Amino acid sequence: DQQVKQNSPSLSVQEGRISILNCDYTNSMFDYFLWYKKYPAEGPTFLISISSIKDKNEDGRFTVFLNKSAKHLSLHIVPSQPGDSAVYFCAASALGAQKLVFGQGTRLTINP
Amino acid sequence: KAGVTQTPRYLIKTRGQQVTLSCSPISGHRSVSWYQQTPGQGLQFLFEYFSETQRNKGNFPGRFSGRQFSNSRSEMNVSTLELGDSALYLCASSLERGFNSPLHFGNGTRLTVT
């Protein structure tokens, strides 16, 4: 039962353009969402998070949008840079939950 | 501040053997959780430890076990290894238990079972 889904295994974007990574979830109890970035041979690093009381959170070039009614969140990267090429995981948890549920990841490639 | 340290980085084992992986959390972090990453499956939760007690366990067989020491360091053990156990095993730490704050991951241990 995949409660968090990233339906695009890969995404290719031109440098300087916007990258949009999508994530859907099925568990309505989820109230905290995070995005992690992972380079090869390294562990995931925390990128940005959002609580369910908000619909948008911004940090520099990264913005996360949350649509609770659609159970959908997205990560926007503007402008995209070559160093953004990595695998991006979305993750979700519920208040008091005992685990973080991850999506399968989306490999983002930024082309010069 | 040192990050999460996992040892060893790489391991090659044979089916039927057992293996122990080690994780040192960020100083001051008391919660340690373990994840398995395989291609196409994302990160699958194994278990979480806090104050030397297992607080939650994922959907993995009993061959997967762990423990946490008084200094918050944690070990994970897999017995009777199977080919399907080949994966990247990631350890993460956080200040408090639960998952409503970001986890800090180590670089993982790549386990290959032949």
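Look up a bit, the structure's there.
Before going into details, it helps to say that this report is about the structure given with it. (Residues numbered from 1 in each chain as written. Chains lettered and ligands numbered in written order. Predicted model: local features only at pLDDT ≥ 70, side-chain atom pairs only at ≥ 80, totals over all residues. Heavy atoms only, no water.)

Considering the overall build of chain A
In step 1: Counting its regular elements, chain A contains zero helices and 11 strands.
In step 2: Scanning chain A from its N terminus toward the C terminus, one meets helices and strands in the order β-β-β-β-β-β-β-β-β-β-β.
In step 3: For 112 residues, the compact-globule estimate of 2.2 N^0.38 gives 13 Å, and chain A sits close to it at 13 Å.
In step 4: On the principal axes, the C-alpha backbone points of chain A span a range of 40 × 30 × 20 Å.
In step 5: For chain A, the residues scored as buried account for 47% of the 112 residues in total.
In step 6: Counting only carbon and sulfur atoms, one obtains 50% of the accessible surface of chain A, whose full area is about 5400 Å².
In step 7: Considering chain A, the positive charge centre built from 11 side chains and the negative charge centre built from 9 side chains are found 3 Å apart. (Helix = DSSP H or I, 4+ residues; strand = E, 2+ residues; numbered from the N terminus. Rg over C-alpha atoms; globule rule 2.2 N^0.38 Å. Buried < 20%, exposed > 50% of the residue type's maximum accessible area, 1.4 Å probe, protein only. Areas by Shrake-Rupley, 256 points an atom, 1.4 Å probe, with all protein chains shown as cover. Lys, Arg positive; Asp, Glu negative; His and termini not counted. Charge placed at Lys NZ, Arg CZ, Asp CG, Glu CD.)

Here's the deal with the sheet that holds strand β1 (residues 4-5) of chain A
Sheets are built from strands that pair by backbone hydrogen bonding, the pairs being arranged parallel or antiparallel.
Residues and elements named next belong to chain A.
In step 1: Strand order in the open sheet formed by five strands is β1-β3-β8-β7-β6, and the pairing between neighbours is antiparallel. A strand with exactly one partner marks an edge of an open sheet, and here the two such strands are β1 and β6 (56-59).
In step 2: Bridge count for β6 against strand β7 (residues 62-67) is four bridges, and the pairing is antiparallel. Of the residues in β7, the one forming a bridge with Asp59 is Phe62. (Pairing = 2+ DSSP bridges.)

With respect to the interface of chain A and chain B
In step 1: At the interface, 22 residues of chain A touch 22 residues of chain B.
In step 2: Summed over both partners, the interface of chain A with chain B comes to about 1700 Å²; 55% of that surface belongs to carbon and sulfur atoms.
In step 3: Counting across the chain A and chain B interface gives zero salt bridges.
In step 4: Linking chain A to chain B there are five residue pairs in polar contact (both at pLDDT 80 or more).
In step 5: Of all elements in the fold, only β4 (30-38) and β9 (86-94) of chain A reach the threshold of two or more residues within the side of chain A that touches chain B.
In step 6: If one sorts the elements of the side of chain A that touches chain B by residue count, β4(A) sits on top with five residues.
In step 7: Counted by class, the side of chain A that touches chain B contains 12 nonpolar, six polar and four charged residues. (Contact = heavy atoms within 4.5 Å. Buried area = accessible area lost by both parts, 1.4 Å probe. Salt bridge = Lys/Arg side-chain N within 4 Å of Asp/Glu carboxyl O. Polar contact = N/O pair within 3.5 Å; in protein donor to acceptor, adjacent residues only side chain to side chain. Nonpolar A, V, L, I, M, F, W, Y, C, P; charged D, E, K, R; others polar.)

Some remarks on the nonpolar core
What tends to happen in soluble globular proteins is that the nonpolar side chains get buried as a cluster.
In step 1: Val4(A), Phe30(A), Phe33(A), Trp35(A), Leu73(A), Leu75(A) and Tyr88(A) are the most contacted members of the largest nonpolar core, which has 25 residues in total.
In step 2: If you list the elements that add at least two residues to this core, you get β3 (19-25), β4, β5 (45-51), β7, β8 (72-77), β9 and β11 (106-111) of chain A.
In step 3: With five residues, the single largest contributor to this core is β9(A).
In step 4: Val4(B), Trp34(B), Met76(B) and Val113(B) belong to the second-largest nonpolar core, a separate cluster that totals 21 residues. (Core = buried A, V, L, I, M, F, W, Y, C linked by side-chain atoms within 4.5 Å.)

Some words on the environment of Gln14(A)
All names here are of chain A.
In step 1: Turning to its location among the elements, Gln14 is positioned in strand β2 (residues 10-14).
In step 2: Judged by its relative accessible area of 46%, Gln14 is partly exposed.
In step 3: Considering only alpha carbons, one finds Gln14 and Ile50, 36 residues apart in sequence, at a separation of 27 Å.

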